[in-house]
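Read off the chains here:
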Amino acid sequence: MQIPPPRTDLAVHPNGDGVLLGDTVAGQQTALGPQSTGVWMALRDGHCTPAALEAALPDLPRAVLRARIGQLAHACVLDDARWQVQRLLFRGPRAAPAAAGAPLRQPAALRHQCVRCGSSCTGVAVGPIGPATEAVLAPDQLRPAGAHQLMARAAEACVVYAPEAGCGIERAHGRAAKPDPCRQFPLTLTQGPDVVRVGLSAECRRLLACLAAGAQGDPPGAAAQAELAALAQRPGVAVPLPDPVQLAPGLFVPLAEFLPHFEGLGVALPGLRAGLATWLDGVRLALPDLPWLAAAPWGDPPAPVADRAEAALWRAITAAAAEGAEDAATAGQGWEAERSALVARAASHLAGDAPLPPIRPLEPDADAALEAAVVHGALAGLEPVQRRDVLWGVGRVQLLTVLGRAVAQVRAARVARAFTTPQDLNDGLVVASLTLRSPRVEQALGEHAATVRWRYAAPAGPWRPLYGFLP
Ligand code: SF4
């Protein structure tokens, strides 16, 4: 049985003790670790049968060899039959063309009217700052950050923020002079071929109150809609959708096929996860199979040890958040340090390493409404499409709710309360969302991507070899 050779149209760059493969066709980069690099190089040198590969790499057990060539196939770096079919999807531009003046699509349930609690002005980096804002600020009210400028800080808050008076820029110069991120917060803007989809980030600390306020007015939020539409037309504000869309590692579908199907799966995670798994199986079965991967010499991959993989994921998040807390403390960023420390504590609880006392939600219905709004917000803005692959993206949304709940419990335990309030959960979701975006934690989620897919995106129930997981 011949194993397909590596693709010859990839750029190969040394990367530590592995290589980084640049793929201009799919518009992605794949970092190979030392074992995968060894397999890739051996295949490139012509060792393209199981026996030849084993002889070329005698130190790698068969199960690992099988795992590594499977991962190479899923990363689309082998010139196999499946890639030859899917590469045809990459003939057009990689991002959906922006339709000038595209209308906004914002679910009525996600209309958000800020109640001015000021939390988005505290403990976060505010920027990039554009010329309209820069023009109304003094030089010491700005701070450089790489190629951009950010708002300077006073204590933990934005330099122009005052608890009673709110935003100094808005008061003195109107909303148009505020930084774009502040005018957009907490909404997300995703540019599709047809409309601009308006979603909601999980970083508003008064979410249910703001959604209740957003439902008022006739029509609801007309002024806010007009401002949002203008903002969405500004270059670099709305995030373009990729075309094709990567459903799971190595599985792509055209954007035009993806949109109606994905949006038809609904905004409740259990149903979406089940629908996504069925869809994935259908797409996979419609593509050429990978017979050499199921070839006899390899045998079946060992079944993943579910709880061990999950504990490893949470331990990685614990370590990344703890490092982040140290860095923030060193930089004098008290709020960021506190936030990361909360996540480290919550993640160690989820890893099973630091149990918490039994804590129950005081208002389960309000909590359920809050989580549903956060999930709906992520799906309405097609957030899962904008990261690695959709399966991972859906897993990340679920993981965010699990971590948010655990942070709420940590907060309650700290004050010896046996219950969490909806505000605890709201704050927990904000803390989880901000910390999951930090580079270290994002990297940990990448290193445990398979577990994020399996544990949090696959339908609930016994682990099964859903696509994309290899030990
Ligand atoms: S510019 Fe205004 S809205 Fe933005 S963070 Fe500062 S105070 Fe808040």
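To keep things clear, this report deals only with the structure shown in the data block. (Residues numbered from 1 in each chain as written. Predicted model: local features only at pLDDT ≥ 70, side-chain atom pairs only at ≥ 80, totals over all residues. Heavy atoms only, no water.)

1. Observations regarding the site of the ligand
So, point 1. Around the ligand sit Cys 121, Val 126, Cys 158, Val 160, Tyr 161, Cys 167, Ile 169, Lys 178, Pro 179 and Cys 182, and those are all the residues in its vicinity.
So, point 2. Within the shell around the ligand, the residues separate by chemical class into nine nonpolar, no polar and one charged. (Near = heavy atom within 4 Å. Nonpolar A, V, L, I, M, F, W, Y, C, P; charged D, E, K, R; others polar.)

2. Quick look at the nonpolar core
Most often, soluble globular proteins have nonpolar side chains that are buried together.
So, point 1. Membership of the largest hydrophobic core comes to 53 residues, with the highest contact counts inside it found for Leu 189, Leu 207, Trp 314, Ile 317, Leu 399, Leu 403 and Leu 445.
So, point 2. Ranked by the residues each element gives to this core, the list is headed by helix 15 (residues 390–414), at eight residues.
So, point 3. Two domains each provide a minimum of three residues to this core, namely domain 2 (104–233) and domain 3 (247–456).
So, point 4. Ignoring sequence-local partners within four residues, the contact set of Leu 207 consists of His 112, Leu 200, Leu 370, Ala 373, Val 374 and Asn 426.
So, point 5. In terms of nonpolar packing, the next biggest core, distinct from the first, is built from 28 residues, Leu 265, Leu 269, Leu 280 and Val 385 among them. (Core = buried A, V, L, I, M, F, W, Y, C linked by side-chain atoms within 4.5 Å. Buried < 20%, exposed > 50% of the residue type's maximum accessible area, 1.4 Å probe, protein only. Helix = DSSP H or I, 4+ residues; strand = E, 2+ residues; numbered from the N terminus. Domains from an automatic or database assignment. Contact = heavy atoms within 4.5 Å.)

3. Things to note about the packing of helix 15 against helix 16 (residues 422–436)
For any two helices packed against each other, one specifies the crossing angle of their axes together with the interaxial distance.
So, point 1. Here helix 15 crosses helix 16 at 125 degrees, and the two axes come no closer than 7 Å. What the angle tells us is that helix 15 and helix 16 run oblique. Our pair here, helix 15 against helix 16, has a crossing hand that is right-handed. Along its contact with helix 15, which presents Arg 396, Leu 399, Leu 400, Thr 401, Leu 403, Gly 404, Arg 405, Val 407, Ala 408 and Arg 411, the element helix 16 presents Asp 424, Leu 425, Asp 427, Gly 428, Leu 429, Val 431, Ala 432, Ser 433 and Leu 436.
So, point 2. Taken together, the residues of the contact of helix 15 with helix 16 sort by class into ten nonpolar, four polar and five charged. (Axes fitted to C-alpha atoms, helices over the stretch in contact; angles between N-to-C directions. Parallel < 35°, antiparallel > 145°, perpendicular 65-115°, else oblique. Left-handed = near helix turned anticlockwise from the far one by under 90°.)

4. Things to note about the environment of Thr 420
So, point 1. Locating Thr 420 in the fold gives a position in strand 17 (residues 419–420).
So, point 2. Using a relative accessible area of 6% as the deciding quantity, one classes Thr 420 as buried.
So, point 3. Considered as a pair, Thr 420 and Val 410 are ten residues apart in the sequence and their alpha carbons are 9.3 Å apart.
So, point 4. The contact partners of Thr 420, leaving out residues within four places of it in the chain, are Ile 359, Arg 360, Pro 361, Leu 362, Glu 363, Asp 367, Ala 408, Gln 409 and Ala 412.

5. Describing the pairing of strand 5 (residues 142–145)
So, point 1. Direction of pairing for strand 5 relative to strand 6 (residues 148–151): antiparallel, over a ladder of four bridges. Across the sheet, the residue bridging to Pro 144 is Gln 149, located in strand 6.
So, point 2. Where strand 5 folds back on strand 6, the antiparallel hairpin that results is connected by two residues, among which Gly 146 adopts a positive phi of roughly 65 degrees. (Pairing = 2+ DSSP bridges.)

Honestly, it's all geometry; don't read function into it.
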